[in-house]
Amino acid sequence: MRVSVFGLGYVGSVSAACLASRGNDVVGVDVNPTKVDLIMGGHAPVVEEKIGELTAEVVATGLLRATTDVADAVANSDVSLVCVGTPSAQNGSLSTTYLERVAEQIGEAIAERDTRHTVVFRSTMLPGTCLNLLVPILEKASGRTAGVDFGVAVNPEFLREGSSVRDFFDPPKTVIGELDADSGDVVAALYEGLPGAVFRVPIPVAEITKYADNSFHALKIGFANELGSICAALGLDSHAVMDVFVADRKLNISPAYLKPGFAFGGSCLPKDLRGLVHAAHRVDVSVPILSHVLPSNEEHLKRSFELVARTGKRKVGLFGLSFKPGTDDLRESPMVELAERLLGKGYDLRIYDGCVSMSRLLGANREYIEQRLPHLGQLLAADVDEVLAHAEVYLVATTDPTVLAALPSGDDHRTLIDLVRLPDAEARRADKGYVGLAW
């Protein structure tokens with residue numbers, strides 16, 4: 001394929017050299033003539049493992065060249081990869097100045113073409129940037145229609161400085177946000193044969209994936225550093241502790257707990273988190289991340305209550321009360337907390353949980369519920385139908401098959417607030433009364 005790469009920084013220069021090494025005819029484009037001269041001389045404009053040798057090799061074979069001429073690059077390529085910077089402003093907002101400038105230049109060049117060209121954005125940008133800002137610029141400058149006369153895609157990069165060449169050829173995944181299938185096909189062809197899963201998704205989903213990754217990486221580093229500080233203050237070897245932690249690939253280093261849903265609760269997580277934060281404070285160690293996990297959890301619970309309040313309806317049915325499905329453990333269950341708030345605000349509440357029966361609650365479990373919901377026996381319904389008949393708002397916090405089979409769909413008169421992402425959530429999105437907590 002004939003490829004033009006706009007922006008010859010780390011991402012652009014690595015993408016250009018690696019794509020050329022795969023047999024593509026690549027032209028790099030940059031406003032800085034020094035970078036262009038370096039490429040033309042067979043030298044990489046960045047210092048990076050393997051990039052120097054790879055650049056020299058593909059320039060020597062004629063598969064990679066560079067220019068400052070946008071029109072020439074677009075005229076002599078089938079696809080343009082935009083890799084310009086999106087720096088932060090002082091207030092943290094994203095600067096799209098370079099993206100806008102390049103989009104306008106590419107659009108003007110597309111106006112001179114008589115064949116379809118595909119524009120692929122590799123720059124990191126927030127959801128909505130491509131469709132709401134860049135596509136209109138491209139269309140205005142070209143006089144053409146995106147998805148019809150030219151293609152548009154978002155293809156975030158996952159290249160780590162220091163190992164970006166290796167990461168290009170062995171990516172953790174390939175994400176293609178496509179405006180249309182033809183645009184996605186062009187991008188997929190560029191990476192055909194490389195390992196890793198390929199995700200072809202809507203453009204806004206692709207835009208946010210890099211932010212999800214980097215935010216989690218930052219969170220992991222911050223978590224490890226805070227835990228390390230606590231360990232050091234307690235005289236423990238933090239690396240020995242983390243060696244044990246990362247060895248758990250079932251829960252710790254895994255997809256476990258990484259699906260948006262309802263607030264956490266139970267007899268362990270809140271208690272142990274409070275205990276660790278208290279221990280840190282006792283040894284004068286500041287742990288801002290760990291200290292704010294419970295407040296973050298509280299905000300998620302508040303969102304659920306606010307969704308009910310916004311309906312303006314007063315009769316509420318709650319499906320699921322225990323903190324974990326299939327048990328009757330109510331200790332620090334977020335559903336108990338939500339039920340308590342609803343009652344405190346005067347809502348008429350009925351609850352169904354097939355595993356919870358007042359007669360079977362024992363010990364600390366019974367003591368807890370008697371303190372928080374002393375009239376639970378009067379609120380519990382014997383079956384699902386009793387709650388369905390009572391409520392104007394259904395709060396669903398369980399995937400109990402009995403509940404799922406009974407929940408109505410297409411009901412415009414009642415509101416269903418989904419706290420667990422029901423198995424048929426996608427189909428229910430079309431229902432006027434359906435509300436997903438975080439999806």
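Residues numbered from 1 in each chain as written. Predicted model: local features only at pLDDT ≥ 70, side-chain atom pairs only at ≥ 80, totals over all residues. Heavy atoms only, no water.

1. Digging into the pairing of strand β11 (residues 393-396)
Of the two faces of β11, the one holding Val393 and Leu395 and the one holding Tyr394 and Val396 are both buried throughout. Where strand β9 (residues 315-319) lies against β11, four bridges are found, and the strand directions are parallel. Bridging from a neighbouring strand, Val316 pairs with Val393 of β11. Pairing of β11 with strand β12 (residues 415-418) involves four bridges; the strand directions are parallel. For Tyr394, the partnering residue across the bridge sits in β12 and is Leu416. In terms of handedness, the path from β11 via helix α18 (residues 401-406) over to β12 forms a crossover that is right-handed. (Buried < 20%, exposed > 50% of the residue type's maximum accessible area, 1.4 Å probe, protein only. Helix = DSSP H or I, 4+ residues; strand = E, 2+ residues; numbered from the N terminus. Pairing = 2+ DSSP bridges. Right-handed = clockwise from strand over helix to strand, strands pointing away.)

2. Thoughts on unusual backbone geometry
At Lys50, a position not held by glycine, the phi torsion is positive, near 75 degrees. Mapped onto the elements, Lys50 comes out in the loop between α2 (33-40) and α3 (51-60). Take Lys50: its relative accessible area is 44%, and that puts it in the partly exposed class. One non-glycine residue, Tyr257, lies in positive phi territory at about 70 degrees. Structurally, the position occupied by Tyr257 is in the loop between α10 (238-247) and α11 (269-282). Judged by relative accessible area, which is 67%, Tyr257 ranks as exposed.

3. Points about the sheet that holds strand β8 (residues 197-201)
Strand order in the open sheet formed by eight strands is β3-β2-β1-β4-β5-β6-β7-β8, with mixed pairing between adjacent strands. In this open sheet, the two strands that pair with only one neighbour each are β3 (64-67) and β8. The average undirected angle you get between the axes of adjacent strands in this sheet is 25 degrees. Pairing between strand β6 (residues 151-154) and strand β7 (residues 173-178): two bridges, direction antiparallel. Note that in β7 the partner of Val154 across the bridge is Gly177. Across the sheet, helix α8 (residues 181-190) touches β1 (2-6), β4 (79-82), β5 (118-121), β6, β7 and β8, and the angle it forms with β7 is around 155 degrees. (Axes fitted to C-alpha atoms, helices over the stretch in contact; angles between N-to-C directions. Contact = heavy atoms within 4.5 Å.)

4. Quick notes on the UniProt feature "domain: UDP-glucose/GDP-mannose dehydrogenase C-terminal" (unreviewed entry) in the chain
UniProt's entry tags residues 317-425 with the feature "domain: UDP-glucose/GDP-mannose dehydrogenase C-terminal" (unreviewed entry), counted in the numbering of this structure. Within the segment residues 317-425, helix and strand shares are 36% and 15% respectively, and the terminal C-alpha atoms sit 19 Å apart. (UniProt positions renumbered as here; feature names shortened; annotations may be inferred.)

5. A short note on the packing of helix α6 (residues 129-142) against helix α9 (residues 203-233)
Interhelical geometry of α6 versus α9 gives an angle of 110 degrees and a closest axis separation of 9 Å. Overall, the two elements α6 and α9 adopt an arrangement that is roughly perpendicular. Contacts between α6 and α9 involve Thr129, Cys130 and Leu131 from the former and Ile203, Pro204 and Glu207 from the latter. (Parallel < 35°, antiparallel > 145°, perpendicular 65-115°, else oblique.)

6. Focus on the packing of aromatic side chains
In total, this model carries five aromatic pairs according to the counting rule given. Aromatic side chains Phe168 and Tyr191 sit 5.9 Å apart centroid to centroid with 55 degrees between the ring planes, which places their arrangement in the tilted category. In this pair, Phe168 sits in helix α7 (residues 164-169) while Tyr191 sits in the loop between α8 and β8, placing the two residues 23 residues apart along the sequence. Given the relative accessible area of 4%, Phe168 is considered buried. On the basis of an interplanar angle of 85 degrees and a centroid distance of 6.1 Å, the ring pair of Phe305 and Tyr347 is categorised as edge-to-face. Of this pair, Phe305 sits in helix α13 (residues 293-311) while Tyr347 sits in the loop between α14 (334-344) and β10 (348-352), and the two are 42 residues apart along the sequence. Its relative accessible area of 17% is what places Phe305 among the buried residues. What links up through ring pairs into an aromatic cluster is the set Phe168, Phe169 and Tyr191. If you follow Lys173 out to its NZ or CZ, it ends over the ring of Phe158, 4.3 Å from the centre. (Phe/Tyr/Trp six-rings, centres within 6.5 Å; stacked < 30°, edge-to-face > 60°. Lys NZ or Arg CZ within 6 Å of the ring centre and 35° of its normal.)

7. Quick notes on the sheet that holds β12
Strand order in this open sheet of five strands is β10-β9-β11-β12-β13, and the pairing throughout is parallel. On the outer flanks of this sheet lie β10 and β13 (434-436), each paired with one strand and no other. Neighbouring strand axes in the sheet, compared pairwise and without regard to direction, differ in orientation by 20 degrees on average. Each of β9, β11, β12 and β13 touches α13; the most contacted strand, β12, lies at about 170 degrees to it. Sitting on the sheet, α14 touches β9, β10 and β11, and the angle it makes with β10 is about 160 degrees.

8. Examining helix α15 (residues 363-372)
Within α15 the residues assigned to the buried category are Asn365, Tyr368 and Ile369. All buried residues of α15 lie within an arc of 90 degrees about the axis, which places them on one face of the element. Set apart from the buried face of α15 by more than 90 degrees, the exposed residues are Glu367 and Gln371. Where α15 is buried, its residues touch α14 and α16 (376-379). (Arc of directions from axis to C-beta.)

9. Comments concerning the UniProt feature "binding site: NAD(+)" (unreviewed entry) in the chain
Residues annotated by UniProt as "binding site: NAD(+)" (unreviewed entry) correspond here to Asp30, Lys35, Thr86, Thr124, Glu161, Lys271 and Arg331. Across 302 residues in sequence, these annotated residues place their C-alpha atoms as far as 62.2 Å from one another, rather than forming a single compact spot. Mapped onto the elements, Thr86 comes out in the loop between β4 and α5 (97-110). Accessibility expressed as a relative area gives 17% for Thr86, which makes it buried. Non-local contacts of Thr86, meaning those with residues more than four positions away in its chain, are made with Leu94, Ser95, Leu99, Ser123 and Thr124. At a separation of 2.7 Å, a polar atom in the side chain of Thr86 contacts the main-chain carbonyl oxygen of Thr124. Among the structural elements, Arg331 can be located in the loop between β9 and α14. In terms of polar contacts, Arg331 uses its side chain to reach the side chain of Asp329, at 2.8 Å. (Polar contact = N/O pair within 3.5 Å; in protein donor to acceptor, adjacent residues only side chain to side chain.)

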